[in-house]
Amino acid sequence: MSLSCLALPRASPRPHTRAFRTYRRAPERSSRQITELLARYDTPVRPLNLRQLLSYGQPVTESSILESAAFVLHEIPRRLATRVRRLEGLPFIVGTNPFISNMLLAYRDSFQFLATYKPPTSLEENNTFAMELESLVENHANDIPTLAKGFKESSRYMSPEMASEFLDGAIRNRVSVRLIAEQHVALSRALGTPKADSIGIVDRRCSPRSMIDMCGSFVSQLSQATLGASPQVEIDGVTDATFPYVPVHLEYILTELLKNSFRASVEHHDGKADIPPVVVTISPPVPHSHGPKFLSLRIRDQGGGIAISNIPNIFSYAFTTAGYSADEDDGGGGPYAAQYVGGSAAIGSEGSGDSGNLFGEITSRGLQTGIGTIAGLGYGLPMSRLYTKYFGGDLQLKTLEGWGTDAYVKLRCLDEAVDARI
Ligand code: ADP
Ligand code: MG
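Residues numbered from 1 in each chain as written. Chains lettered and ligands numbered in written order. Predicted model: local features only at pLDDT ≥ 70, side-chain atom pairs only at ≥ 80, totals over all residues. Heavy atoms only, no water.

Bringing the pattern of salt bridges into the picture now. One pass over the full model with this rule turns up 10 salt bridges. In this structure, R178 engages E182 in a salt bridge whose closest nitrogen and oxygen atoms are separated by 3.0 Å. Residue R178 and its partner E182 are both found in helix α9 (residues 160–190); the two are separated by 4 residues, about one turn of the helix. Residue E182 is classed as buried on the basis of its relative accessible area of 12%. (Salt bridge = Lys/Arg side-chain N within 4 Å of Asp/Glu carboxyl O. Helix = DSSP H or I, 4+ residues; strand = E, 2+ residues; numbered from the N terminus. Buried < 20%, exposed > 50% of the residue type's maximum accessible area, 1.4 Å probe, protein only.)

Under the domain assignment, the protein chain is made up of domain 1 (3–199) and domain 2 (203–319 + 378–420). Taken over C-alpha atoms, the centre of domain 1 sits 28 Å from the centre of domain 2. In this assembly, 25 residues from domain 1 lie in contact with 26 residues from domain 2. Both sides of the domain 1 and domain 2 interface together cover about 2200 Å² of buried area, and 66% of this is carbon and sulfur. Counting across the interface, domain 1 meets domain 2 through 0 salt bridges. At the boundary of domain 1 with domain 2, the tally comes to 3 residue pairs in polar contact (both at pLDDT 80 or more). (Domains from an automatic or database assignment. Contact = heavy atoms within 4.5 Å. Buried area = accessible area lost by both parts, 1.4 Å probe. Polar contact = N/O pair within 3.5 Å; in protein donor to acceptor, adjacent residues only side chain to side chain.)

Packing of helix α8 (residues 143–153) against α9 brings their axes to within 10 Å, and their N-to-C directions diverge by 165°. The orientation of α8 with respect to α9, classified from their angle, is roughly antiparallel. As α8 packs across α9, the resulting crossing turns out to be right-handed. The residues of α9 that touch α8, namely those facing D143, I144, L147, A148 and F151, are A163, F166, L167, A170, I171 and R174. (Axes fitted to C-alpha atoms, helices over the stretch in contact; angles between N-to-C directions. Parallel < 35°, antiparallel > 145°, perpendicular 65-115°, else oblique. Left-handed = near helix turned anticlockwise from the far one by under 90°.)

This part covers the pairing of strand β12 (residues 394–400). Here is the key point about a regular strand: its side chains alternate between the two faces of the sheet. Taken together, the 7 bridges between β12 and strand β13 (residues 404–412) define a ladder with antiparallel strand orientation. In the sheet register, D394 faces β13, and the bridge partner there is K410. As consecutive antiparallel partners, β12 and β13 are separated by 3 residues, and within that stretch G402 has a phi angle of approximately 85°, a positive value. (Pairing = 2+ DSSP bridges.)

This paragraph deals with the site of ligand 1. Every one of the 20 residues lining ligand 1 counts as a neighbour, but D301, T320, T321, G376 and G378 are closest to it. A distance of 2.9 Å separates an oxygen atom of ligand 1 from a polar side-chain atom of N260. Between ligand 1 and G380 there is a distance of 3.4 Å, counted from an oxygen atom to a backbone nitrogen or oxygen. For ligand 1, the protein covers 93% of the area, taking 530 Å² as the surface of the free molecule. Elements with a contribution of two residues or more to the shell around ligand 1: α11 (247–268) and α12 (380–390). Its residues assigned to classes, the shell around ligand 1 shows 9 nonpolar, 9 polar and 2 charged. (Near = heavy atom within 4 Å. Areas by Shrake-Rupley, 256 points an atom, 1.4 Å probe, with all protein chains shown as cover. Nonpolar A, V, L, I, M, F, W, Y, C, P; charged D, E, K, R; others polar.)

Right, dumping it as structure tokens:
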């Protein structure tokens, strides 16, 4: 099953549009020019007000589109400049890792491309710009797994805390850049075919129930193909609740949490005919003392729970118990070396249509089949929590050791009154 119907209409993977390609080959690109340009963006990135981002879609008009383009050209180069500086600030030896040094070059290119882009003044120019923007986002599709791989190879020179702090910043930055860019692309498309329930990439009537059905059926196929069995998903609570949210973010979170619950349930009930269902409970949107509303979900499984000794690590990047046996050691990576995804990881792509994963995936010795990876990347929990926190929500796990696990997902309603600083 493809989840692409839930995702933003995504451009099929394609080479860069002409301007970006030509630009990347331009011989006159000099590091001095970029350094000078970077100096102009040497101010801290202002938090982005979501209300402002959404304002260009209410309603979509030619002038709001052009304002949105100007906004993109104001905001994204600043964020790319921050990434360039952070990459340049890594310990020298880490910066010499080929994954990291290539990524720095790619960020410098993208930064210069946008920092010198002439703001579109007509819808026609904007169409070209929107295509360029999509291309640029695609060009960075593998950033997170690539970074993780570079860090893995440099683990002797970086503490796990330092790598994790860097990854947090990189992912948050990437979510913002992608949100700003895709909002503009979605609005540019909406001009021709407006959709009543969406403001660009925010769906005002996002239905947890249909997202759970959709993600559940995908994960169920994945589980059948990988583990040979799969539990049912039951949905209770306020099953018809809807709330304003970014569907692709919810899709990512639900897919990752369901994968974890499915795997735990199948493995814990190995060989038994009846696997207890995974039960997802939906709360109504609830206002928090004069503040914003939140909608919460609880994903409950009877997958045997999480060993107490593993609990401090489950939110660490690349921590996994999939494909791990006590004899294996991948030769580095800190105190849980054997349980971190190893250096033999192959890098997939976010355009692969796998689980709608926004960041691409690292495939390693994890549990995988042709249709995707059910576990073994160790990115599901940290990235899902980052997504929930991005708009001020949260993700917590509670476990009843020997019985099962509850994941509590709290999501902020992105209504008109939202004042999220992102
Ligand atoms: P991965 O699934 O790739 O291993 P995650 O970040 O999604 O990475 O999860 C990290 C680890 O947390 C898993 O390997 C597993 O040991 C543990 N875990 C997460 N969710 C559950 C669950 N519902 N039941 C049991 N263990 C879990
Ligand atoms: Mg997982």
